[in-house]
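What follows is the residue order along each chain.
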Amino acid sequence: MMGPSHALSGAAVWLTGSWALDQFADYHQSPLALAVGTAVCAGGALFPDLDLSGKVTRNQGGATVARTFGVVSLFVAEVMEKISLGVYYATKLSKDPRRNNGHRTLTHTIPFTVLVGWGTTALCAAYGKWAVVGILFFMFGLALRGLFDRWAERAGWVIVTLASAAAAWFTFANLPGDRGYPLIGLAVGVGCFVHILGDMITRAGVPILWPIPIKRRMWTMVGLPNSIALRTGSKTEVVVLRGVLTAISVLAAVGLVAPSVLRKFNIEI
């Protein structure tokens, strides 16, 4: 799937999950916490594509996540792509094909998703708000680049970077400092997992079973049959899928906000 679809799927899943927790588990979140979780999950749903690099010296190419912060993120994506390719060759078996890039390998696995979610939680617990502001800066940038792709493309990476920094600092200033913020790590991990599921419905698939060896292959790509798989950039993705995800997001957001608004005006339903 394309970057905007990934980001929108992350936002939809987080809002829907928050609504379900609010309705059935009586778990309420403040508007700020809800907004932060949604943005971080949307950004996390782009993060696995950090293994798709472009041309660093020309500030071109790469996945949406790689272009978010200009040459800096392109360089990080180049490093991640090489690491992923290295892990692929270090663990491949006889039936695994040769590859010349690391896209849809390491960062599209369950162990990577768990590691990123756990690592984010550990950083927040160890360093508190100072780790939070750095993580939010990065994730807000990805969310802006994915959810508002046309605006971000016109504005350029400098404006996206400044907007991300401003949003991260505002959030930093309004969050209490005596917490570990485990929901941020959860949001990143959920976003990465949603990304994997999104790529599973495309023709290329993902190695979701890694590192389980299957028929002398360690990197078995799992996806839908070509006859029903989603074609990246097709009208089905851009119009139908994004339309459904947008509707889900809006309905979940309304379901979360409406009760408090009605209570404010003493309206009971």
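All values derive from a computational prediction rather than experimental measurement. (Residues numbered from 1 in each chain as written. Predicted model: local features only at pLDDT ≥ 70, side-chain atom pairs only at ≥ 80, totals over all residues. Heavy atoms only, no water.)

Student: Give me helix 5 (residues 129-147): which residues, what numbers.
Tutor: Over its 19 residues, helix 5 runs 25 Å from end to end, which matches the ideal 27 Å to within 8%, given 1.5 Å per residue. Among the 19 residues that make up helix 5, 14 are buried, leaving the element largely enclosed by the rest of the structure. (Helix = DSSP H or I, 4+ residues; strand = E, 2+ residues; numbered from the N terminus. Expected span 1.5 Å × (residues − 1). Buried < 20%, exposed > 50% of the residue type's maximum accessible area, 1.4 Å probe, protein only.)

Student: Tell me about the side chain of Ser-84, and please be specific about residues and values.
Tutor: Mapping Ser-84 onto the fold places it in helix 3 (residues 71-91). Non-local contacts of Ser-84, meaning those with residues more than four positions away in its chain, are made with Asp-51, Gly-102, Thr-105, Leu-106 and Thr-107. (Contact = heavy atoms within 4.5 Å.)

Student: Lay out the packing of aromatic side chains in plain terms, naming residues and giving numbers.
Tutor: Scanning all chains against the criterion turns up 10 aromatic pairs. Ring geometry for Trp-19 and Phe-24: centres 5.9 Å apart, planes at 90 degrees, overall edge-to-face. Under the relative-accessibility criterion, Trp-19 is labelled partly exposed at 32%. An angle of 45 degrees between the planes, with centres 5.0 Å apart, marks the rings of Trp-130 and Phe-172 as tilted. Residue Trp-130 is located in helix 5, and its partner Phe-172 is located in helix 7 (residues 157-174); the two are separated by 42 residues in the primary sequence. Given a relative accessible area of 62%, Trp-130 falls into the exposed group. Using a relative accessible area of 10% as the deciding quantity, one classes Phe-172 as buried. (Phe/Tyr/Trp six-rings, centres within 6.5 Å; stacked < 30°, edge-to-face > 60°.)

Student: Would you mind going over a nonpolar patch on the surface in detail, with residue names and values included?
Tutor: Residues Leu-147, Phe-148, Trp-151, Trp-157, Val-158, Ile-159 and Leu-162 make up a contiguous nonpolar surface patch of roughly 640 Å² in combined accessible area. The dominant element in the nonpolar patch, judged by the number of residues it contributes, is helix 7, at 4 residues. Looking at the secondary structure, you find Phe-148 in the loop between helix 5 and helix 6 (149-155). Judged by relative accessible area, which is 47%, Phe-148 ranks as partly exposed. (Patch = residues over 30% accessible without salt bridge, like charges linked within 9 Å, V, L, I, M, F, W, Y side chains within 5 Å. Areas by Shrake-Rupley, 256 points an atom, 1.4 Å probe, with all protein chains shown as cover. Salt bridge = Lys/Arg side-chain N within 4 Å of Asp/Glu carboxyl O.)

Student: Explain the nonpolar core to me, and be specific about the residues and the numbers.
Tutor: One finds Val-40, Phe-47, Val-132, Leu-136, Met-139, Phe-140 and Ile-184 to be the most contacted residues of the largest nonpolar core, which totals 41 residues. Counting only elements with at least two residues in this core, the list comes to helix 1 (3-24), helix 2 (31-44), helix 3, helix 4 (110-127), helix 5, helix 7 and helix 8 (182-200). Looking at this core element by element, the count peaks at 8 residues for helix 5. Aside from chain neighbours lying at most four places away, what touches Met-139 is Ala-39, Val-40, Gly-43, Gly-44, Phe-47 and Val-188. (Core = buried A, V, L, I, M, F, W, Y, C linked by side-chain atoms within 4.5 Å.)

Student: Describe in detail unusual backbone geometry, supporting the description with residues and values.
Tutor: A cis amide bond, omega 10 degrees, links Trp-210 with the succeeding residue Pro-211. Inspection of the secondary structure assignment puts Pro-211 in the loop between helix 8 and helix 9 (235-264). The backbone of Asp-26 sits at a positive phi, close to 55 degrees, despite the residue not being glycine. Mapped onto the elements, Asp-26 comes out in the loop between helix 1 and helix 2. The backbone of Arg-104 sits at a positive phi, close to 60 degrees, despite the residue not being glycine. Checked against the element boundaries, Arg-104 lands in the loop between helix 3 and helix 4.

Student: Tell me about the UniProt feature "transmembrane region" (unreviewed entry) in the chain, residues and numbers included.
Tutor: Those places that UniProt annotates as "transmembrane region" (unreviewed entry) correspond, in this numbering, to residues 30-48, 69-90, 110-143, 155-172, 184-210 and 239-262. When the span residues 30-48 is considered, its composition is 74% helix and 0% strand, and the gap between its end C-alpha atoms is 28 Å. Structurally, residues 155-172 is divided into 94% helix and 0% strand, and its ends, taken at the C-alpha atoms, are 24 Å apart. (UniProt positions renumbered as here; feature names shortened; annotations may be inferred.)

Student: Describe the state of the cysteines, naming the residues involved and giving the relevant values.
Tutor: The final tally for this structure, using the stated rule, is 0 disulfides. Distance from the sulfur of Cys-124, which forms no disulfide, to the nearest cysteine sulfur (Cys-192) is 14 Å. Cysteine Cys-192 shares no disulfide, and the gap to the nearest cysteine sulfur, in Cys-41, comes to 8.9 Å. Using a relative accessible area of 0% as the deciding quantity, one classes Cys-192 as buried. (Disulfide = S-S within 2.5 Å.)

Student: Could you give an account of the packing of helix 4 against helix 5, with specific residues and numbers?
Tutor: Where helix 4 contacts helix 5, the axes come no closer than 6 Å and their chain directions differ by 140 degrees. As summarised for this structure, helix 4 and helix 5 are arranged oblique, according to the angle between their axes. Counted together, Thr-120, Leu-123, Cys-124 and Tyr-127 of helix 4 and Lys-129, Trp-130, Ala-131, Val-132 and Ile-135 of helix 5 form the full contact between these two elements. A breakdown of the residues in the contact of helix 4 with helix 5 according to their chemical character gives 7 nonpolar, 1 polar and 1 charged. (Axes fitted to C-alpha atoms, helices over the stretch in contact; angles between N-to-C directions. Parallel < 35°, antiparallel > 145°, perpendicular 65-115°, else oblique. Nonpolar A, V, L, I, M, F, W, Y, C, P; charged D, E, K, R; others polar.)

Student: Which residues make up the packing of helix 5 against helix 7, and what values go with them?
Tutor: Closest axis-to-axis distance for the helix 5/helix 7 pair is 8 Å, and the angle between their directions is 140 degrees. With respect to helix 7, the axis of helix 5 lies oblique. Here helix 5 runs over helix 7; the crossing is right-handed. Here Lys-129, Trp-130, Val-133, Leu-136, Phe-137, Phe-140, Gly-141 and Leu-144 of helix 5 come into contact with helix 7, specifically with Val-160, Thr-161, Ala-163, Ser-164, Ala-165, Ala-167, Ala-168, Trp-169, Thr-171 and Phe-172. Considered class by class, the residues forming the contact of helix 5 with helix 7 number 13 nonpolar, 4 polar and 1 charged. (Left-handed = near helix turned anticlockwise from the far one by under 90°.)

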